[in-house]
Amino acid sequence: MADPKRVRAEASALVEELLSRLAVSDVRALEVSRGALRVRVSKDAPAATMAVSAVPVPTAAAAAARASAAGGGVQVGSAVPAAAADAVVAPLTGVFYRSPSPQTPPFVQIGSLVASGDVIGLIEAMKLFNEIRSTKSGKVKRIAAENGQLVRARQPLIELEPS
C-alpha cells in the first residue's frame, strides 16, 4: 500500500506542473497518469470537476487527503460535491453539445425552465449523438459544460434551482 503523504506530495507536484503548463497554452484540459496516480486539470471548469485519483488509502488517510485537497480547488477521489445535488449529470463520456447544430439556439439557457425528461443537450460518443434528458425539474441557474467540451460520465452539465 502506498504512503498517503507521498501520494499527496506527488499529486500536489503534478497538479502544480499541469496548472503552470495549462496557464501558458491554448489547451483547455490536461490529464496525466503516472503509475496509479491520475490527475486532470481544466480551464473554465468548476473546481468540483477537477479530480486527483490515486491508489486506495485507508479511510482516515482518504478523509485527510480530501480535506487537504479541498482547500486547493482539487478534489481527491470521486465524492460528489454538495452543489452537484441539484445538477443534471452526464450519463456517459463524450463531447457535449448545447444545440442540435451550430445554426440553432441551445436547448437551454440560464433562466430556462426545465421539466424532467426535457432534452438539455447532446453527447457525441463513438460517432453517435445521444440526447441528454433532464432527470430533474427546475430553473437553470448555471451551465457547467460548454459547447464542444469533453465531459466525463457523472460530470455536472447544468445546475437547477428546484421549482
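Residues numbered from 1 in each chain as written. Predicted model: local features only at pLDDT ≥ 70, side-chain atom pairs only at ≥ 80, totals over all residues. Heavy atoms only, no water.

Q: Explain the pattern of salt bridges here, please?
A: It is possible for side chains bearing opposite charge to pair when their charged atoms get close. Under the definition given, this model contains three salt bridges. The residue Glu-131 makes a salt bridge to Arg-133 at a minimum N-O spacing of 2.7 Å. Judged by its relative accessible area of 45%, Arg-133 is partly exposed. A salt bridge links Glu-159 to Arg-142, with the shortest nitrogen-to-oxygen separation between them at 2.9 Å. Of the two residues, Glu-159 sits in strand 12 (residues 156-161) while Arg-142 sits in strand 10 (residues 138-143), which places them 17 residues apart along the sequence. The buried category is assigned to Glu-159, whose relative accessible area is 10%. The class for Arg-142 is partly exposed, based on a relative accessible area of 27%. (Salt bridge = Lys/Arg side-chain N within 4 Å of Asp/Glu carboxyl O. Buried < 20%, exposed > 50% of the residue type's maximum accessible area, 1.4 Å probe, protein only. Helix = DSSP H or I, 4+ residues; strand = E, 2+ residues; numbered from the N terminus.)

Q: Help me understand the pairing of strand 10 in this model?
A: On a regular strand, each side chain points to the face opposite its neighbour's, so the side chains alternate between the two faces of the sheet. Where strand 7 (residues 113-114) lies against strand 10, two bridges are found, and the strand directions are antiparallel. When the sheet's bridge partners are listed, Val-114 is paired in strand 10 with Gly-138. Direction of pairing for strand 10 relative to strand 12: antiparallel, over a ladder of four bridges. In the sheet register, Ile-143 faces strand 12, and the bridge partner there is Ile-158. (Pairing = 2+ DSSP bridges.)

Q: Mind showing me how you'd approach the packing of aromatic side chains here?
A: The geometry of an aromatic ring pair is captured by the separation of the ring centres together with the interplanar angle, meaning the angle of the planes. Evaluated as defined, the whole model comprises one aromatic pair. A centroid spacing of 5.9 Å and a plane angle of 45° characterise the contact between Tyr-97 and Phe-129, whose relative ring orientation is tilted. Here Phe-129 lies in strand 9 (residues 128-133) and Tyr-97 lies in strand 6 (residues 94-97), a separation of 32 residues in the sequence. (Phe/Tyr/Trp six-rings, centres within 6.5 Å; stacked < 30°, edge-to-face > 60°.)

Q: Which parts of the structure should I look at to understand the sheet that holds strand 8 (residues 119-125)?
A: Working definition: the strands of a sheet are paired by backbone hydrogen bonds and lie parallel or antiparallel to each other. Sheet architecture is open: four strands sit in the order 9-8-6-11, paired in antiparallel fashion. Across the chains shown, the open sheet's two edge strands, defined by having one partner strand only, are strand 9 and strand 11 (149-151). If you compare each strand with its neighbour and ignore which way they point, the axes differ by 40° on average. Examined bridge by bridge, strand 6 and strand 11 share three bridges and lie antiparallel to one another. The partner of Phe-96 across the bridge, within strand 11, is Gln-149. (Axes fitted to C-alpha atoms, helices over the stretch in contact; angles between N-to-C directions.)

Q: Would you mind going over the environment of Glu-146 with me for this structure?
A: Relative to the assigned elements, Glu-146 resides in the loop between strand 10 and strand 11. You can call Glu-146 partly exposed: its relative accessible area is 36%. C-alpha separation for the pair Glu-146 and Arg-98, spaced 48 residues apart in sequence, amounts to 7.2 Å. Excluding residues that lie within four positions of it along the chain, Glu-146 makes contacts with Arg-28, Phe-96 and Arg-98. (Contact = heavy atoms within 4.5 Å.)

Honestly, that's just the spatial picture; any functional story needs more than this.
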